[in-house]
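# Coordinate analysis (summary)
Listed here are the chains, written in short residue letters.
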Amino acid sequence: MDITKILDPLNDVQRKAVTAPSQAMLVLAGAGSGKTRVLVHRIAWQIQVENLSPHSILAVTFTNKAAKEMRCRIEALLEIPAHSTSAPSGMWIGTFHGIAHRLLRRHANQAKLPETFQVMDTSDQLRVIKRLLDTLGLDETAWPPRQVQWHINAQKDEGIRARHTVETADGYQRQMLAIYQAYEKLCDQTGLVDFAELLLRAHELLRDNPDVLSFYQQRFRQVHVDEFQDTNTIQYAWLRLLTRDNGNLFVVGDDDQSIYGWRGAKIENIYNFQRHYPNHQVIKLEQNYRSTGNILKAANHIISVNEGRMGKELWTDSGEGELLSLYAAFNEQDEAYFVVERIRAWINKQGSHNDIAILYRSNAQSRQFEEKLMIAGIPYRVYGGLRFFDRVEIKNALAYLRLISNHDDDSSFERIINTPTRGIGAKTIDDIRYIARDQTISLWKAAIVLVNQRNLSARASNALTGFLQLVKQLTEQAQDLELYEKVQLIVEKTKLIEFYQHAKMDKGEEKVENLEELVNAAKLFEFDIENEENLGELDMFLAHAALESGDMQGDDFEDCVQLMTLHSAKGLEFKLVFLVGMEEGLFPSQQSVDDAGRLEEERRLCYVGVTRAMQCVYFSYAESRRLYGRETYPRPSRFLREIPAECMQEVRIRSHINRPVTTIAPKKIPLQTTGQYKQGQKVSHEKFGKGIILQIEGEGAQERVQINFTTPVDGGKTSGVKWLMLAYAKLDAL
DNA sequence: GATTTAGACATTTTT
DNA sequence: TGTCTAAATC
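No experiment lies behind these values; they were computed from the predicted model shown.

A few words on the protein's contact with DNA strand C. Lining the immediate environment of DNA strand C, one finds Lys 130, Arg 367, Arg 626, Tyr 628 and Gly 629. At the protein interface, 62% of the atoms of DNA strand C within 4 Å belong to sugar or phosphate. Lys 130 has a polar side-chain atom sitting 3.1 Å from a phosphate oxygen of DNA strand C. A distance of 3.1 Å is found between a sugar or linking oxygen of DNA strand C and a backbone nitrogen or oxygen belonging to Gly 629. Classifying every residue of the surface near DNA strand C by side-chain character gives one nonpolar, one polar and three charged.

Before going further, it helps to spend a moment on the pairing of strand S14 (residues 613-627). As paired strands, strand S9 (residues 324-331) and S14 are joined by six bridges and run parallel to one another. Looking at S14, one finds that Tyr 327 is bridged to Ser 620. As defined by bridge partners, strand S13 (residues 574-579) adjoins S14 across five bridges and the pair is classed as parallel. Paired with Val 577 across the strands is Val 617, a residue of S14. Sheet analysis places S14 next to strand S15 (residues 630-632), joined by three bridges and oriented antiparallel. Bridge pairing in S15 places Arg 625 opposite Thr 632. Between the antiparallel neighbours S14 and S15 lie two residues, among them Tyr 628 with a positive phi of about 50°.

This part covers empty space enclosed by the protein. Applying the stated criterion across every chain yields a total of three cavities of 30 Å³ or more. Considering only enclosed or pocket space, the largest cavity measures out at about 170 Å³ in volume. Forming the walls of the largest cavity are 18 residues, and the residues nearest its centre are Val 119, Asp 124, Lys 395, Leu 398 and Arg 402. Where the lining of the largest cavity is concerned, the elements lending two or more residues are strand S4 (118-119), helix H17 (392-405), helix H18 (410-416) and helix H25 (537-547). When residues in the lining of the largest cavity are grouped by element, the largest group, five residues, is from H25. Partitioning the lining of the largest cavity into residue classes produces eight nonpolar, three polar and seven charged.

Taken as a whole, this structure holds 20 aromatic pairs when the rule is applied. On the numbers, 5.9 Å between centres and 75° between planes, the contact of Phe 338 with Tyr 618 is edge-to-face. Taken as a pair, Phe 338 in helix H15 (residues 332-349) and Tyr 618 in strand S14 lie far apart in primary sequence, 280 residues in all. Given the relative accessible area of 1%, Phe 338 is considered buried. For Tyr 618, a relative accessible area of 11% corresponds to the buried category. One aromatic cluster is present, built from ring pairs that chain together Trp 92, Phe 215, Tyr 216 and Phe 220. Sitting over the face of the ring of Trp 92, Arg 102 holds its NZ or CZ atom 4.5 Å from the ring centroid.

One open sheet accounts for six strands, arranged S3-S2-S6-S7-S1-S8; its pairing is parallel. Each edge of the open sheet carries a strand with a single partner, namely strand S3 (92-95) and strand S8 (281-285). Ignoring which end each strand starts from, the neighbouring axes of this sheet average 15° apart. Two strands pair when backbone bridges link them, and strand S1 (residues 25-29) and S8 are joined in this way by five bridges, in the parallel orientation. From the neighbouring strand, Val 27 faces S8, where its bridge partner is Ile 283.

As enumerated under the stated definition, the model contains 41 salt bridges in all. One salt bridge in this structure joins Glu 573 and Arg 290, with 2.8 Å as the shortest N-O distance. Note that Glu 573 is positioned in the loop between helix H26 (566-569) and S13 and Arg 290 in the loop between S8 and helix H14 (293-304), a separation of 283 residues in sequence. Using a relative accessible area of 14% as the deciding quantity, one classes Arg 290 as buried. One salt bridge connects Arg 603 with Glu 642, and the closest N-O pair in it is separated by 2.9 Å.

Taking 1.5 Å per residue as the helical rise, H17 with its 14 residues ought to reach 20 Å, and the 20 Å between its terminal C-alpha atoms agrees with that figure. For H17, a buried count of 12 out of 14 residues is recorded, marking the element as mostly surrounded by other parts of the structure. Turning to H17, its buried residues number three or more, namely Glu 393, Ile 394, Lys 395, Asn 396, Ala 397, Leu 398, Ala 399, Tyr 400, Leu 401, Arg 402, Leu 403 and Ile 404.

Across chain A, the average pLDDT comes to 87, with 88% of residues at 70 or higher. Taking the mean pLDDT of every element in chain A, the minimum, 55, falls on helix H5 (residues 86-89) and the maximum, 98, on S13. Confidence over residues 655-674 falls short of pLDDT 50; this stretch has 21 contacts with residues more than four positions distant or in other chains.

Cut-offs and rules
As a convention, each chain's residues are numbered from 1 in the sequence order in which they are written. Numbering of ligands from 1 and lettering of chains from A proceed in the order in which they are written. Reporting of local features is limited, given that this is a predicted model, to residues whose pLDDT is at least 70; pairs of side-chain atoms are given and counted only at 80 or more, and all residues count toward the totals for whole chains, interfaces and linings. Excluding hydrogens and water, the side-chain values take into account all heavy atoms of the structure. We call a residue near a molecule or strand as soon as one heavy atom of that residue lies within 4 Å of the molecule or strand. Polar contacts here mean pairs of N or O atoms no more than 3.5 Å apart (in protein, one a potential hydrogen donor and the other a potential acceptor; neighbouring residues in sequence count only if both atoms are side-chain atoms). Amino acids are sorted into nonpolar (Ala, Val, Leu, Ile, Met, Phe, Trp, Tyr, Cys and Pro), charged (Asp, Glu, Lys and Arg) and polar (every other residue, Gly among them). Only strands that DSSP links by at least two bridges are regarded as paired with each other. Secondary structure is summarised from DSSP: a helix means a run of H or I of at least four residues, a strand means a run of E of at least two, and numbering begins at the N terminus for each. Whether a set of points on the 1 Å grid over the protein atoms alone is a cavity depends on a 1.4 Å probe fitting there but being unable to get out, while an open set qualifies as a pocket with protein on both sides within 12 Å along at least five of seven lines; lining residues are those with an atom within 4 Å of a point. Grid points are joined across faces, edges and corners, and a volume is the space filled by probe spheres set on the points. Pairing of aromatic side chains requires ring centres within 6.5 Å, counting the rings of Phe and Tyr and the six-membered ring of Trp. Pairs whose planes differ by under 30 degrees are stacked, by over 60 edge-to-face, and all others tilted. Only protein chains enter the accessibility calculation, which uses a 1.4 Å probe; a residue whose area is less than 20% of its type maximum is buried, one above 50% is exposed, and one in between is partly exposed. Put simply, a charge is over a ring when the Lys NZ or the Arg CZ is close to the ring centre, within 6 Å, and near the line of the ring normal, within 35 degrees. Fitted lines through C-alpha atoms give the axes, limited to the stretch in contact for helices. The angle between two N-to-C directions lies from 0 to 180 degrees. Definition used for salt bridges: Asp or Glu carboxyl oxygen within 4 Å of a side-chain nitrogen of Lys or Arg. Between the first and last residue of a helix there are one fewer steps than residues, each counted as 1.5 Å, and that sum is the expected span. Scored from 0 to 100, pLDDT reflects the predictor's confidence in each residue. Throughout, a contact is declared for two residues whenever any of their heavy atoms are within 4.5 Å.

Below is the structure:
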């Protein structure tokens, strides 16, 4: 047995946490202090040294990425051969939602769910709510669907069912309650489960079924939780139930990095933990292995302004490093130019685009930077876009698959009844809805009833019959096929490809590619044997699509500058970090400045941002910024003043950045189009291939465009950046 | 049934 | 100001 492999890479405090006897443990792990390492080594320790069966291990995370990483690192440490997916090791490592889902599949009966229940994602849920409001005859402007959705989810996150709510005189509350009730009923009828419901249901399953509870209490001798500060009420309640008999709950978190309070996360869970588990031990990891001394000094000062912390101060034994820099930009354009210029300098000196991140408070801020990076020809990647499984074309294809799996899935039925368009109009759909509501049957059954009634117009009847037959036929044909063949069948036979190919809508080509990619994804989808219990491969795949929607585009190893929000930067690290838009009203955001609690969360966000950096931090703010079409003159962020002056240097403007004299309007560089082409537009040229328009200059016959050609041509190389006269170049818009 | 136009709206996000 | 969605129109 090789204990050294587990213990040697650890410092004293980490080792103490890893080797502590079984009990409740709270590890307060500062940024970059080896939090995941402790978790991974702790589990390895328990298995290898304490001879605990992997079967007895439960580890919970928030994201699939984190779960995957943890599993890989544990298996590497234990030298379990790679590629032996989850099954052989027997450990349950997953997200709260993933594990709740697994429990509900295994005990669908006791959870009072149909065995074929389907998981819906956020957009599915919104559709269901919209439809519900419609049936209830409520006006969408008075009852905005998003707000209703938010309300319902917030209730569920707190563990509150509609029936628990106390009657109030407040009309608004009462209506919301009625909607919540109706929503619960609808979900029960159609066998649909939203994300919050997964957690709530899993909690109720354990709470109300002592046999199930004691089974899992005995199975999971050790329960581990990552990012504990992000748990919400119901997640923590669930953890408490599971660990009630032995108290072996090992949680790792950082109160200073709690940035999800707005979606129900409760820092209080950390304080409550200490009350609920009186025999717990607290260990603080404060040695940071990521950042320079100056960066940590700045971060510590910022976070120290907050009240009511658990108290922690990061230190490092590596040197001071460079000073942090601050740039006061004239406006947001200037800010972007500055950042690009610095990126260039970094690349020229030492290298990789991957080292660099531009972090901002809100997604809208990415635009300026994308534009300037594009012009500069610097490769970049924006995080937080549409996920693969969230795309319309994919959702449509999945809806067909779901309908095949369960004809009574109303939400899928409605989604695709007229996609691709097959002549079934709003009128016919209304009729189907009416019958369904009237006889309390599914839309599918109602559609059959409607056809049989024979009082439809010939055209509508034909169209509807055609649709019903298509689905029936697909169901039969799919019967004995492999998963990917089923997907292929759907994609081909439903004419979705033709639909998107034909439509000249933007990104049609991309949509077709995505559908093809979906078939591929099905091929790659590895069937998790441990989960098999009640479920077919297709249903597994559908659940996977809902629960792991982001996983496909996850790791691109292209060498790119990374653009993302501060929130999505949590857990990552970069050598060079730009924290842009450091302005009052932007960061901290306007909505949080009046509320002490929310302001502290913004400050923690700033702390998270600074601690992402390993070597270098640049702050920037704009003295004037166009916001929602209005010119604003924000003040620098208060967080900048919370950084000690001795770790900061102010960067002065370079000569080439024009600072217009105040009375003269800023000179506009002629970037406007005179007609058909726009900056950023994709075009193709018969000789140079496809590319993107970087700049447009001149007028009339003199008009010329600069294009960055990105597709390889005959020689196998890309044509690169070229200036072309519009009058001569044969360009096609894409 | 597709295209156009008007209007709302605009932190942060994973599952 | 720009984007996205929903309704209006041909």
